[in-house]
Amino acid sequence: MFIVNKGIIEVVVDGRAVAQMKEGSYFGEISLLSMGEGGNRRTANIVSKGFSNLLVLYKNDLNEVLNNYPGMEELLRKTAR
């Protein structure tokens, strides 16, 4: 999972920009949440508009966070839908 620390990121679906993300936005949660459930579903491409700085949250780290904050998983799943 990636968190936008600085910069602007575009979400591209079928070659068309459909959204922009800025500082504090995140992406890749769908992939992490669906790992082990029969898929690593990819729904879009991400393109940086100039310089961007991203933070990475690995699956093991996300699992640790979700163990400490159980309501967070449902919030991420809702956002992913």
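Scroll up for the structure.
Calculation notes
- Residues numbered from 1 in each chain as written.
- Predicted model: local features only at pLDDT ≥ 70, side-chain atom pairs only at ≥ 80, totals over all residues.
- Heavy atoms only, no water.
- Pairing = 2+ DSSP bridges.
- Helix = DSSP H or I, 4+ residues; strand = E, 2+ residues; numbered from the N terminus.
- Axes fitted to C-alpha atoms, helices over the stretch in contact; angles between N-to-C directions.
- Patch = residues over 30% accessible without salt bridge, like charges linked within 9 Å, V, L, I, M, F, W, Y side chains within 5 Å.
- Areas by Shrake-Rupley, 256 points an atom, 1.4 Å probe, with all protein chains shown as cover.
- Salt bridge = Lys/Arg side-chain N within 4 Å of Asp/Glu carboxyl O.
- Buried < 20%, exposed > 50% of the residue type's maximum accessible area, 1.4 Å probe, protein only.
- Contact = heavy atoms within 4.5 Å.

(A) Structural context of the sheet that holds strand β2 (residues 9-13). An order of β3-β2-β5 is seen for the three strands of this open sheet, with the pairing classed as antiparallel. Unpaired on one side and paired on the other, β3 (16-21) and β5 (45-48) mark the two borders of the sheet. Across this sheet, the average inter-strand angle for adjacent strands is 30°, counted without regard to direction. By the bridge criterion, five bridges tie β2 to β3 in an arrangement that is antiparallel. Bridge pairing in β3 links V13 to R16.

(B) Focus on a nonpolar patch on the surface. On the surface, F2, L54, V56 and Y58 cluster together into a nonpolar patch covering about 370 Å² of accessible area. Here F2 lies in strand β1 (residues 2-6).

(C) The arrangement of the environment of E10 in detail. Looking at E10, the relative accessible area reads 16%, which means it is buried. Non-local contacts of E10, meaning those with residues more than four positions away in its chain, are made with A17, A19, Q20, N45, I46, V47 and K49.

(D) Quick peek at the sheet that holds β1. Here three strands make up an open sheet; going across it, the order is β4-β1-β6 and the pairing antiparallel. Edge positions in the sheet fall to β4 (26-27) and β6 (53-56), since each has one partner strand and no second. In the sheet, β1 pairs with β4 via two bridges, with the strands oriented antiparallel. If you follow I3 over to β4, its bridge partner there is Y26.

(E) Broad picture of the environment of I46. Inspection of the secondary structure puts I46 in strand β5. Sequence spacing of I46 and I9 is 37 residues, and the spatial spacing of their C-alpha atoms is 6.6 Å. Aside from chain neighbours lying at most four places away, what touches I46 is I9, E10, V11, M21 and F27.

(F) Focus on unusual backbone geometry. Even without being glycine, D14 reaches a positive phi, approximately 50°. In this fold, D14 is placed in the loop between β2 and β3.

(G) Here's a closer look at the pairing of β1. The pairing of β1 with β6 spans four bridges and is classified as antiparallel. The partner of K6 across the bridge, within β6, is N53.

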